[in-house]
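# Structural description and commentary
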Amino acid sequence: MATFIPNKYNPKERSNYGVRVARPGFDASTCAQNQLLFNSGWAIMQIAEVVDFRNQPAQYLYIMTTNTTVYDSATGTYNFSEESEEVSSVPSGYNSENDFETSFFHDVLVNKRYVLKSAGATYHIYYYPVEQTTVGTVTTTISRRCSRYSVYKKAHGLDFVPFFAKSEWLSGVSNCVLLFNIDIRRDVDYPYTEEALPLISKTGDYGIKSASIFGENVPGLCSNMFSKLVQAVKTEETVQGDRDMGGGDTDTRAIWSPVNTDDPNEVPAGAFLDYEIYAFVEDKYFSAPDDGGEYYREQPVQYMSGSFGGAAKDAWAVTTSSFQSIMQDKNSLVALRKPMVSPSYEEITV
């Protein structure tokens, strides 16, 4: 049976340089991390780019997919492969009588260079007649389809796959995508071990503040504002344990735990309360990478339960309901923790 243990710990060394701002009364050169208001060595969630599609014209994107199945009746074995590529239009020979509309799977996709956002709730699929040939006991079947999507597409210029969020999730502004400074494909654990200390009162006119692209009322870098920190980014690269699912399938889904242990029973109840977990997976339904590589979409996070070691302990990067289709995907799991400095109150969303 497969053993589902957290990914291998991949720590980043603490830096001994940069900018530090201590709480009033503490020495920034010697105090603990949770006695600082700001440390430039912290992996802070910062908005690196705002991709604005509000005045962007929609465009059609054409993805041609070829599926090849090879069946040997003598041995009863199947081999299946799928290839996709972006094309400029629907190729000739595709039968329009079989065209139909279906729902657009995912609203926002991001890769190392581009942001794609759906400009419509549906997309069209055009089919090419199936080709089948038999040589001896081996039958080869080739099926082709061309999907036409209505999308907004823009280059973001960051040269990595950033953590992203729709503007509607954070504000009243729609049709924008916020890109953060965190590379979701760089596997790392950050060495934050200190508990957050409460900030009982405002620090007043103290620390550092810089301007931002949003105007004077929204500072850029401010040691009096406390952003969430990135605790870890885990990918399929650090999966460990026996992940043989049988039948030739190997589970490559990222698993993270706030306690660095191979035993899920050692993870105490409530261990996730200080964290937010986000998952991203390579999009197999939109699988024709351009010069920015594979596209990634957000995936709802599921937790191990039942026979896999107790509820709400180890977070997976994919849902069990899509077990077979998603299991082989490249995936990323991002764990955010509360700031090193916490306010004296917490906002509760119901």
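The structure reproduced in this document is the subject of the present report. Keep in mind that what you see is a predicted model, and the values were worked out from it rather than measured.

This part is about the sheet that holds strand 12 (residues 176–183). Reading across the sheet, the three strands line up as 3-12-11 and stay open at both edges, with antiparallel pairing between neighbours. The open sheet has two free edges, formed respectively by strand 3 (47–52) and strand 11 (162–166), since each of these has just one partner strand. Strand after strand, the sheet turns through a mean of 25° between neighbouring axes, direction not considered. Two elements, strand 3 and strand 12, share five bridges in a ladder whose sense is antiparallel. Note that in strand 12 the partner of Ile-47 across the bridge is Phe-180.

The next subject is the packing of aromatic side chains. For the coordinates displayed, the defined rule picks out ten aromatic pairs. With centroids separated by 5.8 Å and ring planes inclined at 85°, the aromatic side chains of Phe-163 and Phe-180 adopt a geometry described as edge-to-face. Of this pair, Phe-163 sits in strand 11 while Phe-180 sits in strand 12, and the two are 17 residues apart along the sequence. A relative accessible area of 5% means that Phe-163 is categorised as buried. An angle of 80° between the planes, with centres 5.2 Å apart, marks the rings of Phe-163 and Tyr-278 as edge-to-face. Placement of Phe-163 in strand 11 and of Tyr-278 in strand 19 (residues 275–282) is noted, with a sequence separation of 115 residues between them.

What follows concerns the side chain of Lys-234. Summarising the element assignment, Lys-234 is placed in strand 15 (residues 229–235). Only 3.0 Å separates the side chain of Lys-234 from the backbone oxygen of Lys-8, close enough to count as a polar contact. Only 2.8 Å separates the side chain of Lys-234 from the side chain of Asp-187, close enough to count as a polar contact. Those residues in contact with Lys-234, other than ones at most four positions away along the chain, are Asn-7, Lys-8, Asn-10, Asp-187, Val-188, Asp-189, Ala-254, Trp-256, Asn-331, Ser-332 and Leu-333.

The backbone of Asp-159 shows a phi angle near 65°, a positive value even though the residue is not glycine. Locating Asp-159 in the fold gives a position in the loop between strand 10 (138–155) and strand 11. For Asp-159, a relative accessible area of 59% puts it in the exposed group. Although it is not a glycine, Asn-175 adopts a positive phi angle of roughly 65°. Along the polypeptide, Asn-175 turns up in the loop between strand 11 and strand 12.

The rules behind these values
- Residues numbered from 1 in each chain as written.
- Predicted model: local features only at pLDDT ≥ 70, side-chain atom pairs only at ≥ 80, totals over all residues.
- Heavy atoms only, no water.
- Pairing = 2+ DSSP bridges.
- Helix = DSSP H or I, 4+ residues; strand = E, 2+ residues; numbered from the N terminus.
- Axes fitted to C-alpha atoms, helices over the stretch in contact; angles between N-to-C directions.
- Phe/Tyr/Trp six-rings, centres within 6.5 Å; stacked < 30°, edge-to-face > 60°.
- Buried < 20%, exposed > 50% of the residue type's maximum accessible area, 1.4 Å probe, protein only.
- Polar contact = N/O pair within 3.5 Å; in protein donor to acceptor, adjacent residues only side chain to side chain.
- Contact = heavy atoms within 4.5 Å.

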